[in-house]
Amino acid sequence: MTTFRRFCLLQALMLWQGGFLFYTAVVVPTGTRVLGSGAAQGVITARVTDWLNVAGVLGLAAFAWDLNYTRDRNPRRTAARWWCWAAALVCQWLLCFAHQLLDAFMDPDRTRVVNRPLFYPVHRVYLWASTVQWAVGLLLAALTLAAWRAEDREKRPA
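Described in the following lines is the structure provided in the data block.

Cut-offs applied
Think of each chain on its own: its residues are numbered from 1, step by step along the sequence as written. Residue-level local features of this predicted model are given only where pLDDT is at least 70; pairs of side-chain atoms are given and counted only at 80 or more, and the full residue set underlies all totals for whole chains, interfaces and linings. To obtain the side-chain values, all non-hydrogen atoms of the structure were used and water was disregarded. Helix and strand definitions here come from DSSP, where helices need a minimum of 4 consecutive H or I residues and strands a minimum of 2 consecutive E residues; each element is numbered from the N-terminal end. Asp and Glu count as negative and Lys and Arg as positive, but His and the ends of the chain are not part of the count. Here the site of a charge means NZ on Lys, CZ on Arg, CG on Asp, or CD on Glu. Criterion for a salt bridge: a side-chain nitrogen of Lys or Arg within 4 Å of a carboxyl oxygen of Asp or Glu. Burial classes: relative accessible area under 20% of the type maximum marks a residue as buried, over 50% as exposed, and values in between as partly exposed (1.4 Å probe, protein chains only). Residues enter patches when their relative accessible area tops 30% and they take part in no salt bridge; the joining distance is 9 Å for like charges and 5 Å for the nonpolar side chains Val, Leu, Ile, Met, Phe, Trp and Tyr. Only the protein chains shown count as cover for residues, with accessible areas throughout obtained via the Shrake-Rupley method and a probe of 1.4 Å. Axes here refer to lines fitted to C-alpha atoms; in helices the fit is confined to the stretch in contact. Angles between the N-to-C directions go from 0 to 180 degrees. Should an angle fall under 35 degrees it is called roughly parallel, over 145 degrees roughly antiparallel, and 65 to 115 degrees roughly perpendicular, with every other angle called oblique. Note on convention: near helix rotated counterclockwise from far helix by under a right angle means a left-handed crossing. Clockwise means right-handed. Two residues qualify as a contact provided that any one of their heavy atoms is within 4.5 Å of a heavy atom in the partner residue. The classification used treats Ala, Val, Leu, Ile, Met, Phe, Trp, Tyr, Cys and Pro as nonpolar, Asp, Glu, Lys and Arg as charged, and all other residues, Gly among them, as polar. For a residue, the bend is simply the angle between two axes, fitted respectively to the seven-residue segment ending there and the seven-residue segment starting there.

Moving on: the overall build of the chain. Helix and strand counts for the chain come out as 4 helices and 0 strands. Start at the N end of the chain and walk to the C end: the helices and strands fall as α-α-α-α. If you line up the chain on its principal axes, its C-alpha atoms span 65 × 25 × 20 Å. Taking the average place of the 17 positive charges on the side chains of the chain and the average place of its 9 negative ones, the gap between the two points comes to 7 Å.

What follows is the structure, given as structure tokens:
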């Protein structure tokens, strides 16, 4: 079961964090260049972020499963992992909430911003929450690898 749990977490992490990084680093700049504007790219982003938020919820569920069952004897590392998870969860809640607001500031087809004065401050919050969540996710992944290593050392026969 340990291998299966770790495999599931790894897959969820690659989809969530890898998808976020690839989208922000490659797809957004490429789409903006090909489509000719950030606004045109934003029409795509409004839909893709629906799925990035689903991936975030799944990733956090996979991390909670792993946190609950990993037997790491280092209480400080376990606490740090839970704190990182909680910070990522707060960011995910903020992302889902901000996403709903951003959708409300667009036309029904989500092709045009109709309330610019409110859209851009909320969009800035969305971008910052995404960035913080990504950084916390990196730390959580590193701590998880260390916890797995410690757990594996404990299981080895002497």
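Having seen the structure, we can now continue with the description.
Time to look at the pattern of salt bridges. Across all of its chains, the model carries 9 salt bridges by this definition. Ionic pairing is found between D66 and R81, a salt bridge with its closest N-O pair at 2.6 Å. Here D66, found in helix α2 (residues 38-69), pairs with R81, found in helix α3 (residues 75-104); they are 15 residues apart in sequence, far enough to count as distant. Residue classification places D66 among the buried positions, given a relative accessible area of 0%. A salt bridge links R73 to E154, with the shortest nitrogen-to-oxygen separation between them at 3.1 Å. Here E154 lies in helix α4 (residues 116-155) and R73 lies in the loop between α2 and α3, a separation of 81 residues in the sequence.

Take a nonpolar patch on the surface next. A surface patch of nonpolar side chains, about 270 Å² in accessible area, is lined by V34, L35 and I44. Mapped onto the secondary structure, V34 falls in helix α1 (residues 2-35). Here V34 falls in the exposed class, since its relative accessible area comes to 66%.

The next point concerns the packing of α2 against α4. Closest axis-to-axis distance for the α2/α4 pair is 12 Å, and the angle between their directions is 30°. Judged by the inter-axis angle, α2 sits roughly parallel to α4. Along this stretch, α2 crosses α4, giving a crossing that reads as left-handed. For the pair α2 and α4, contact is made by T49, N53, L60, F63, D66 and Y69 and by Y126, Q133, L140, A141, T144, W148 and E151, respectively. Here the residues of the contact of α2 with α4 sort into 7 nonpolar, 4 polar and 2 charged.

Here the focus is α1. At Y23, α1 shows its maximal kink, close to 40°. Turning to α1, its buried residues number three or more, namely R5, R6, L9, A12, L13, W16, Q17, F20, Y23 and G31. Lining the buried residues of α1 we find α2, α3 and α4. At the C-terminal side of α1, G36 shows a positive phi close to 95°.

On to the side chain of Q133. Here Q133 lies in helix α4. Other than its neighbours up to four places away in sequence, Q133 contacts W16, Q17, L60, A88, C91, Q92 and L95.

Below, the discussion takes up the environment of W51. Among the structural elements, W51 can be located in helix α2. Considering only alpha carbons, one finds W51 and G19, 32 residues apart in sequence, at a separation of 9.8 Å.

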